[in-house]
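One letter stands for each residue in the lines below.
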Amino acid sequence: MWLWIHKFGSPKYFYNVSGKILPWVAGATALLIVIGLYLGLFASPADYQQRETVRIMYIHVPSAWNSMFIYLLMAASAAIGLIWNIKLADIVAAVSAPIGASFTFITLVTGSLWGKPMWGTWWEWDARLTSELILLFLYLGYIALQSAFEDRRLAARASAVLAIVGAVNVPIIYYSVQWWNTLHQPQSLGVGMSTIHPSMLWPLLIMALGFKLLYVVILLMRTRAEVLERERNNAWVQELAQALVGKSVIGSANEYR
Amino acid sequence: MSERPGIMSTLGALIRRDLLLALRRRAQALNPLVFFVIVVTLFPLGLGPEPNLLQKLAPGVLWVAALLSAMLSLEAMFHSDFEDGSLEQLLLIPQPVFIIVLAKALTHWLLSGLPLLLLAPLLALWLHLPGEAILVLLITLALGAPVLSLIGAIGVALTVGLRRGGVLLSLLVLPLYIPVLIMGAGAVDSAAMGLSVGAQLSILGALLAFAVTLAPWAAGAALRISVE
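Keep in mind that this is a model prediction, so the values were computed, not measured. (Residues numbered from 1 in each chain as written. Chains lettered and ligands numbered in written order. Predicted model: local features only at pLDDT ≥ 70, side-chain atom pairs only at ≥ 80, totals over all residues. Heavy atoms only, no water.)

Hey, could you go over the packing of helix H4 (residues 87-119) of chain A against helix H5 (residues 127-148) of chain A for me, with residue numbers and the actual values?
All names here are of chain A. H5 packs onto H4 with a crossing angle of 155° between their chain directions and a minimal axis gap of 9 Å. Put simply, H4 runs roughly antiparallel to H5. Between H4 and H5 lies a crossing whose hand is left-handed. Residues Ala 93, Ala 94, Ala 97, Pro 98, Gly 100, Ala 101, Thr 104, Phe 105, Thr 107, Leu 108, Gly 111 and Trp 119 of H4 touch H5, and the partners they reach there are Leu 129, Glu 132, Leu 133, Leu 135, Leu 136, Tyr 139, Tyr 142, Ile 143 and Gln 146. In terms of residue class, the contact of H4 with H5 is made up of 15 nonpolar, 5 polar and 1 charged. (Axes fitted to C-alpha atoms, helices over the stretch in contact; angles between N-to-C directions. Helix = DSSP H or I, 4+ residues; strand = E, 2+ residues; numbered from the N terminus. Parallel < 35°, antiparallel > 145°, perpendicular 65-115°, else oblique. Left-handed = near helix turned anticlockwise from the far one by under 90°. Contact = heavy atoms within 4.5 Å. Nonpolar A, V, L, I, M, F, W, Y, C, P; charged D, E, K, R; others polar.)

Okay, structure coming up:
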């Protein structure tokens, strides 16, 4: 097990293996999202109360699940990088943050669009939307801290501390916002997720799985790019580049530098 | 090793040193308090002097102003020590780094949180807050302000080595302050409406216990990274 982690943690091994996995995961992602979108947008019935607007759910809810899942994964990965000094874990944490922030942003935009027909306003200080907004701030703080350091190693370690502190705080923030919301708005605006009909649940679950895999695909692609950039002075990356574009170009590029 | 000082005497010595330093630069120590007063004054000027409106907004205004003034003075916690190199020496003393951070956060609270307790009743009167709500305001500030100092210590420890850490610090720290703001302002709000405030005060106390035990630990780890 440990041997495997060390082997997988080596950038070169990761680059080769992820290159083989990537097309399959990307294919599965495309398939799931196409099926999910078809079921969600065409095959599933419209809600008797919300009518067609309920279909926003098939984007909104999977993004929201992803936004929280990615933050936890980012914090866990950052902690692994901090404790065991694994370079690959640092990279995974660093490249996850912008992806997570994007999903959070999508959640906010779709939530706002959904809010207009549902609640009559573009923005409602609903507990879940407010927590998503704060989550976006946490992501932005993490990205800002990461880019403030010149040294990559220091950036990874400092932002790892922040990610762990943030992960401890996320439940506290979530519950305090929920409590604040019930104090100020006694009427419930929530969408009854527990009473969802199977014809809507299936597209939702398929979309959720598709979005998870979409995250994996983007994560793998960004991590591979980051690995290449950080290891650009190592022999195996140079060989890779030479095989790709031919010796002369690389030679002249190196002289140019 | 027998003459090694105990934890409490180290804590005392560190706090004494920082208080003395602050005493020598009195004007700097007063700035956050003046800021607090000015921010609270701006609200009646911006919103109009209507007592009902001010009373309704008072808990939130006072707590947001307290949050901002605590945040403004955060940078001083480690900055000068980092500049002149004494922070590195402090990290070398044979005591847990937890103690150093705790001393720094306590000093920050003594200089920025405690004086707020004295100023807050006056400002609350300006905003027409009723008497029992002022009492609750004082309790929430007493419980909440140390949490602000402790969480803030993590943020400063992370950014102290950076050249332009100021704006970044607010971006890191303010989202983490949100639970304190919600509970603090919520308790004062409930008190002004004559409701019970036990739940909010209990949660604030829990946040304080949580922050005292965990925040110095995280800030210590961050300090070690920053001075590297």
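Quick rundown of the packing of aromatic side chains? Include the residues and the values.
Residue and element names in this part refer to chain A. Following the criterion strictly, the structure yields 8 aromatic pairs over all chains and no others. Between Tyr 71 and Tyr 139, the ring centres sit 5.3 Å apart and the planes meet at 75°, which makes this aromatic pair edge-to-face. In this pair, Tyr 71 sits in helix H3 (residues 57-84) while Tyr 139 sits in helix H5, placing the two residues 68 residues apart along the sequence. Taking the centre distance of 5.6 Å and the plane angle of 80° together, the rings of Trp 123 and Trp 125 count as edge-to-face. Among the residues examined, Trp 123 registers a relative accessible area of 29% and is labelled partly exposed. By relative accessible area, Trp 125 is classed as partly exposed at 43%. (Phe/Tyr/Trp six-rings, centres within 6.5 Å; stacked < 30°, edge-to-face > 60°. Buried < 20%, exposed > 50% of the residue type's maximum accessible area, 1.4 Å probe, protein only.)

Talk me through a nonpolar patch on the surface; I want residue IDs and the actual numbers.
The grouping of Leu 30, Val 34, Ile 38, Leu 42, Phe 43, Leu 45, Leu 47, Leu 53 and Leu 57 of chain B at the surface amounts to a nonpolar patch, some 780 Å² of accessible area in total. Assignment of secondary structure puts Leu 47 of chain B in helix H2 (residues 26-47). (Patch = residues over 30% accessible without salt bridge, like charges linked within 9 Å, V, L, I, M, F, W, Y side chains within 5 Å. Areas by Shrake-Rupley, 256 points an atom, 1.4 Å probe, with all protein chains shown as cover. Salt bridge = Lys/Arg side-chain N within 4 Å of Asp/Glu carboxyl O.)

How would you summarise the interface of chain A and chain B if you had to cite specific residues and measurements?
In this complex, chain A contributes 25 residues to the contact, which on the side of chain B involves 22 residues. Summed over both partners, the interface of chain A with chain B comes to about 2200 Å²; 85% of that surface belongs to carbon and sulfur atoms. The interface formed by chain A and chain B includes 0 salt bridges. Counting across the chain A and chain B interface gives 0 residue pairs in polar contact (both at pLDDT 80 or more). Listed by contribution, the elements that provide at least two residues to the side of chain A that touches chain B are H5 and helix H6 (152-184) of chain A. No other element matches the 15 residues that H6 of chain A contributes to the side of chain A that touches chain B. The class makeup of the residues in the side of chain A that touches chain B is 20 nonpolar, 4 polar and 1 charged. (Buried area = accessible area lost by both parts, 1.4 Å probe. Polar contact = N/O pair within 3.5 Å; in protein donor to acceptor, adjacent residues only side chain to side chain.)

I'd love a proper account of the confidence of the model for chain B, names of residues and values included.
Residue and element names in this part refer to chain B. Mean pLDDT over chain B works out to 89, with 99% of the residues at or above the 70 mark. The weakest mean pLDDT in chain B belongs to helix H4 (residues 79-83) at 85; the strongest belongs to helix H7 (residues 131-159) at 92. Scoring the predicted complex yields pTM 0.86 and, for the interface, ipTM 0.85. (pLDDT = per-residue confidence, 0-100.)

Quick rundown of helix H6 (residues 97-126) of chain B? Include the residues and the values.
Residues and elements named next belong to chain B. Given a rise of 1.5 Å per residue, 30 residues ought to cover 44 Å, and the 42 Å separating the end C-alpha atoms of H6 matches this to within 8%. The sharpest bend along H6 measures roughly 40° and falls at Leu 119, with the proline Pro 121 sitting one to four residues further on. Looking one or two residues beyond H6, the residue adopting positive phi is His 128, at roughly 60°. (Expected span 1.5 Å × (residues − 1). Bend = angle between axes of the 7 residues up to and from the residue.)

How would you summarise the pattern of salt bridges if you had to cite specific residues and measurements?
Residues and elements named next belong to chain A. Evaluation of the coordinates by the stated rule reveals 9 salt bridges over all chains. When the shortest N-O distance is used, the salt bridge between Glu 231 and Lys 87 registers 3.3 Å. Linking Glu 231 in the loop between helix H7 (198-230) and helix H8 (235-245) with Lys 87 in helix H4, this pair joins segments that are 144 residues apart in sequence. What makes Lys 87 partly exposed here is its relative accessible area of 49%.

Can you break down the packing of helix H1 (residues 7-24) of chain B against H6 of chain B residue by residue, with the values?
Residues and elements named next belong to chain B. Between H1 and H6, the least distance of the axes is 9 Å, while the angle of their chain directions is 40°. Between H1 and H6, the interaxial angle falls into the category oblique. The chirality of how H1 crosses H6 is right-handed. Two secondary-structure elements touch here, H1 through Ile 7, Thr 10, Leu 11, Leu 14, Ile 15, Arg 17, Asp 18, Leu 19 and Ala 22 and H6 through Ile 99, Ile 100, Leu 102, Ala 103, Lys 104, Leu 106, Thr 107, Leu 110 and Leu 111. Tallied by class, residues from the contact of H1 with H6 come to 13 nonpolar, 2 polar and 3 charged.

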